[in-house]
Amino acid sequence: MMNPIPILILGGSDARPASLPDAGRDKHALHGYKGRDLLIGGRPMIQAVAERLKGSGGFDPIYVAGPQEVYQGIPDLNVIDTAGSLGKNLRTGLERLRLLHPGSYLGITTCDILPEPGCLRTFLQESRAHMPFDAWFPMILMPEDRTRLGASSWKPTYHVVPGEGLDPVATLPGHLMVINPEAFRLRFAYRLMQIAYRTRNRPIPVRRKEMVRDTLKDLLFEDVRHLFGMRVPRLTWTVISNGLNIARDLKSGTITTERLENSIRRIFIRYRHQKEFPDRRVHIPVMDALSLAKDIDTVEEARELGGDLSGSIPAGSNQSRE
């Protein structure tokens, strides 16, 4: 039996309501510390998330990247005190876990999904069967009956081809992953994850434009560092070319999961690691595990789960979109 994987729950806050697409114009976006202020069964949601992760037998210990003053007093949480942006919280949390669990795979998730036990079992069984890998990050199969999404039916979907000769299928991004942190260009990954989160509910062309604009300066800086270190300055071309190809093919619904995996590996995995471990992969399978994709962004989604909004969590109209 494999040892449980240490996991980091991102427990930060949205300073203002999330930007929702036109499909969510009738919804009311949440902001604030959803992990603490949204109550499930009378308890902070993050406590329910941690219990389900630990109860799966696959994740332990459980860490939370968020302010100590916000999460203190909630049982069974190892709080890593940080109160910045998603990118800063991810950096602070992962760097602490790398010190505490050197050489270990690490899990990452968010405080606003409520993973069902069956979905966690599927995730753990399939990911463990493919170890060793650089990352395991599933896309979640959209149900044929869209009404199963309930209040989350507004969320943007992405069409991918799950295998050679197969038809494209509609998917949602998962919110649970396992990575080998030693393989990653972590400084760049923190920055890109921050931009991806900020633009998460926007159309692909808008996301593509903002991600290229906001990462170009960092990429050029890294390539200058490579030059001074007598290394080939290939990062800018590698990231921009592969990123644009992903955006184009996602928009057209023609990208295969294998091509997506290869492109993501070129973008995020250190070149030396790729050369040393050519058979390691970034796995992005299409998985039937809907609860891993249903993050709670709106009042309507919270209420559908039986969430109690009577605490201090604020809600905003979709009219406050950026």
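Residues numbered from 1 in each chain as written. Predicted model: local features only at pLDDT ≥ 70, side-chain atom pairs only at ≥ 80, totals over all residues. Heavy atoms only, no water.

Below, the discussion takes up the pairing of strand E12 (residues 176-179). Burial along E12 is two-sided: Leu 176 and Val 178 facing one way and Met 177 and Ile 179 facing the other are all buried. Of the pairings in the sheet, the one linking strand E7 (residues 106-110) to E12 comprises four bridges and is antiparallel in character. Looking at E12, one finds that Thr 109 is bridged to Leu 176. Both strand E8 (residues 135-136) and E12 contribute to a ladder of two bridges, which runs antiparallel. If you follow Trp 136 over to E12, its bridge partner there is Val 178. (Buried < 20%, exposed > 50% of the residue type's maximum accessible area, 1.4 Å probe, protein only. Helix = DSSP H or I, 4+ residues; strand = E, 2+ residues; numbered from the N terminus. Pairing = 2+ DSSP bridges.)

A word on the side chain of Lys 155. Of note, Lys 155 is situated in the loop between strand E9 (139-141) and strand E10 (158-160). A distance of 3.0 Å separates a polar atom in the side chain of Lys 155 from the backbone oxygen of Asp 295. Excluding its chain neighbours within four sequence positions, the residues that come into contact with Lys 155 are Arg 146, Leu 172, Ala 293, Lys 294, Asp 295, Asp 297 and Glu 301. (Polar contact = N/O pair within 3.5 Å; in protein donor to acceptor, adjacent residues only side chain to side chain. Contact = heavy atoms within 4.5 Å.)

Another aspect to go through is helix H9 (residues 257-268). Working note: α-helix, 3.6 residues per turn, so residues spaced by three or four point in the same direction. Its twelve residues give H9 an end-to-end C-alpha distance of 16 Å, which sits within 8% of 16 Å, the value for a rise of 1.5 Å per residue. When H9 is considered as a whole, its buried residues turn out to be Thr 257, Leu 260, Glu 261, Ser 263, Ile 264, Arg 265, Ile 267 and Phe 268. (Expected span 1.5 Å × (residues − 1).)

This part takes up the sheet that holds strand E6 (residues 78-81). Across the sheet, which stays open at both edges, the seven strands sit in the order E6-E5-E1-E7-E12-E8-E13 with mixed pairing between neighbours. The sheet terminates laterally at E6 and strand E13 (282-283), the two strands that pair on one side only. As paired elements, strand E1 (residues 5-10) and E7 share four bridges and run parallel to each other. The residue bridging Ile 9 from the neighbouring strand is Thr 109, located in E7. Here helix H4 (residues 86-100) sits on the sheet and contacts E1, strand E5 (59-66), E6, E7 and E12; the angle it forms with E1, its principal contact strand, is near 160°. (Axes fitted to C-alpha atoms, helices over the stretch in contact; angles between N-to-C directions.)

Note the cis peptide between Asp 60 and Pro 61, where omega equals -5°. Relative to the helices and strands, Pro 61 is located in strand E5. In this model, Met 131 is joined to Pro 132 through a cis peptide bond whose omega is 0°. Topologically, Pro 132 is positioned in the loop between helix H5 (117-129) and E8. A positive phi angle is found at Asp 76, which is not glycine, with a value near 65°.

Compared with the 21 Å implied by 1.5 Å per residue over 15 residues, the 21 Å span of H4 between its first and last C-alpha is a close match. Taken together, the buried positions of H4 are occupied by Leu 86, Gly 87, Asn 89, Leu 90, Gly 93, Leu 94 and Leu 97. Each buried residue of H4 lies within a common arc of 160° when the element is viewed along its axis, so the set occupies one face. (Arc of directions from axis to C-beta.)

Our next topic: the pattern of salt bridges. Applying the stated criterion to the full structure yields 15 salt bridges. We note a salt bridge from Arg 98 to Glu 95, for which the minimum N-O separation is 3.2 Å. One end of the pair is Arg 98 and the other is Glu 95, both in helix H4 and three residues apart, which spans about a single turn. By relative accessible area, Arg 98 is classed as partly exposed at 25%. Here Glu 261 makes a salt bridge to Arg 281, at a shortest N to O gap of 2.2 Å. One end of the pair, Glu 261, is in helix H9; the other, Arg 281, is in the loop between helix H10 (271-276) and E13, and 20 residues separate them in sequence. (Salt bridge = Lys/Arg side-chain N within 4 Å of Asp/Glu carboxyl O.)

This part takes up the packing of aromatic side chains. Taken as a whole, this structure holds four aromatic pairs when the rule is applied. Ring geometry for Phe 59 versus Phe 123: centroids 6.3 Å apart, planes at 45°, classification tilted. On the criterion of sequence distance, the pair formed by Phe 59 in strand E5 and Phe 123 in helix H5 is long-range, its members being 64 residues apart. The two residues Phe 59 and Phe 123 agree in class, both being buried. Ring geometry for Tyr 105 against Phe 133: centres 5.0 Å apart, planes inclined by 50°, an arrangement best described as tilted. (Phe/Tyr/Trp six-rings, centres within 6.5 Å; stacked < 30°, edge-to-face > 60°.)

Limitation: the analysis is restricted to geometry and does not speak to function.
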